[in-house]
Amino acid sequence: SHIPSPCSTAAMAERRIDAVEVSTAIADEATENWRRETSGERRSRAGDFISVASGHLRSGRPELAAAIFEALTYVDPNDAEAVNNYGFCLIPIDPAGAFKVLERANRLYKGTDLVCLANLVLVLHLAGRNDEAYSLAVSEATRTLPSKRGLMWLVTADDRLELSSDFIDVQKYVKALLAHLDKDCAQRPRPALD
């Protein structure tokens, strides 16, 4: 089949590349794809879209960011990273929907992804389920999983969300959420249990 070139034929003629180099690059990529498929290894494409999605989040368009990862979940419903990122993008616009999506991501990760657990702690807090948020934040899984870095929703004193300016340490983020939960719970009177 014939694939149209990305630019004019004159420009293509100016950019000569040795046929052996092209053949080698094609063979390397085909071999890597074959290895991945035969070994059962899947590579999530979600990471390829974080930059674009974070741009939408910073521009106040979380629905566009969510749509990116939602589309990836249709391509591969078992892509835990895409499902987690979809839930993350839903947090500011649909916390209840985000909770359902993040629970699904947590099941796909088998409870072993710290970023997903941190997202669940946040969404539980936003839903007013602070006891559950606190329990998850201090759970053995959350405390003992190795830290990683991620873009996270920072919670202001009045529970507004702001996207972190850069990738931050997730264990430190969970500790900051715990401090916020402690302060929030101390300020709100607990209802009497009858």
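All values derive from a computational prediction rather than experimental measurement.

With that settled, consider the packing of helix α6 (residues 95-109) against helix α7 (residues 114-126). In contact at an axis separation of 9 Å, α6 and α7 are set at 155° when each is read in the N-to-C sense. One element, α6, and the other, α7, form an angle in the roughly antiparallel class. α7 is crossed by α6, and the crossing has left-handed handedness. Of the residues in α7, those in contact with P95, A98, F99, L102, E103, A105, N106 and Y109 of α6 are C116, L117, N119, L120, V123 and L124. Looking at the contact of α6 with α7, its residues break down into 11 nonpolar, 2 polar and 1 charged.

As a further point, take helix α5 (residues 80-90). Most of α5 is tucked away: 10 of the 11 residues are buried. When α5 is considered as a whole, its buried residues turn out to be A80, A82, V83, N84, N85, Y86, G87, F88, C89 and L90. Looking at the packing, one finds that the buried side of α5 touches α3 (50-58), α4 (62-75), α6, α7, β2 (153-155) and β3 (161-163). At the N-terminal boundary of α5, the capping side chain belongs to D79, with an oxygen 3.2 Å from the backbone nitrogen of E81.

Judged by nonpolar contacts, the single largest core of 47 residues is most densely connected at F69, I91 and W153. Among the elements of the structure, α3, α4, α5, α6, α7, α8 (130-137), β2 and α10 (170-187) are those that each provide at least two residues to this core. Among the elements that line this core, the one with the most residues is α7, at 10 residues. Contacts of F69, omitting those with residues within four sequence positions, involve A46, F49, I50, A53, A82, N85, Y86 and C89.

Looking now at the pattern of salt bridges. As enumerated under the stated definition, the model contains 4 salt bridges in all. In this structure, R45 and D48 form a salt bridge, with 2.7 Å as the shortest nitrogen-oxygen distance. Assessed through its relative accessible area of 47%, R45 is described here as partly exposed. The salt bridge involving D113 is made with K148; its shortest N-O contact spans 2.6 Å.

In this section: the layout of surface pockets. What the largest pocket holds in volume is close to 300 Å³. Looking at the lining of the largest pocket, the elements with two or more residues in it are α3, α5, α7 and β1 (149-150). With 5 residues, α5 is the single largest residue contributor to the lining of the largest pocket. Grouping the constituent residues of the lining of the largest pocket by class yields 10 nonpolar, 5 polar and 4 charged.

Of note, the phi angle at K110 is positive, near 60°, even though the residue is not glycine. Structurally, K110 can be placed in the loop between α6 and α7.

Residues shown with low pLDDT carry predicted positions that ought not to be read at fine detail. Across the protein chain, the average pLDDT comes to 84, with 73% of residues at 70 or higher. Of the regions scoring below 50 in pLDDT, residues 189-194 engages in 2 contacts with residues more than four places distant in sequence or in other chains.

We now examine the environment of L114. Along the polypeptide, L114 turns up in helix α7. Residue L114 is classed as buried on the basis of its relative accessible area, which comes to 1%. For the pair L114 and V170, spaced 56 residues apart in sequence, the C-alpha separation works out to 7.1 Å. Sequence-distant contacts of L114, that is, excluding residues within four places in its chain, are made with T142, L145, P146, S147, K148, V170 and Q171.

Within the fold, Q171 resides in helix α10. Using a relative accessible area of 14% as the deciding quantity, one classes Q171 as buried. Apart from the residues within four sequence positions on either side, Q171 is in contact with L114, T142, R143, L145 and S147.

Right, let's get into the packing of α3 against α4. Two elements in contact, α3 and α4, have axes separated by 7 Å at closest approach and are oriented at 155°. As summarised for this structure, α3 and α4 are arranged roughly antiparallel, according to the angle between their axes. The hand of the α3/α4 crossing is left-handed. For the pair formed by α3 and α4, the contact residues are I50, V52, A53, H56 and L57 on the first element and P62, L64, A65, I68 and F69 on the second. Across the contact of α3 with α4, the residue classes tally to 9 nonpolar, 1 polar and no charged.

Thresholds applied
- Residues numbered from 1 in each chain as written.
- Predicted model: local features only at pLDDT ≥ 70, side-chain atom pairs only at ≥ 80, totals over all residues.
- Heavy atoms only, no water.
- Axes fitted to C-alpha atoms, helices over the stretch in contact; angles between N-to-C directions.
- Helix = DSSP H or I, 4+ residues; strand = E, 2+ residues; numbered from the N terminus.
- Parallel < 35°, antiparallel > 145°, perpendicular 65-115°, else oblique.
- Left-handed = near helix turned anticlockwise from the far one by under 90°.
- Contact = heavy atoms within 4.5 Å.
- Nonpolar A, V, L, I, M, F, W, Y, C, P; charged D, E, K, R; others polar.
- Buried < 20%, exposed > 50% of the residue type's maximum accessible area, 1.4 Å probe, protein only.
- Polar contact = N/O pair within 3.5 Å; in protein donor to acceptor, adjacent residues only side chain to side chain.
- Core = buried A, V, L, I, M, F, W, Y, C linked by side-chain atoms within 4.5 Å.
- Salt bridge = Lys/Arg side-chain N within 4 Å of Asp/Glu carboxyl O.
- 1 Å grid on protein atoms, 1.4 Å probe; cavity = no way out; pocket = protein on both sides within 12 Å on 5 of 7 lines; lining within 4 Å.
- Points joined across faces, edges and corners; volume = space filled by probe spheres on them.
- pLDDT = per-residue confidence, 0-100.

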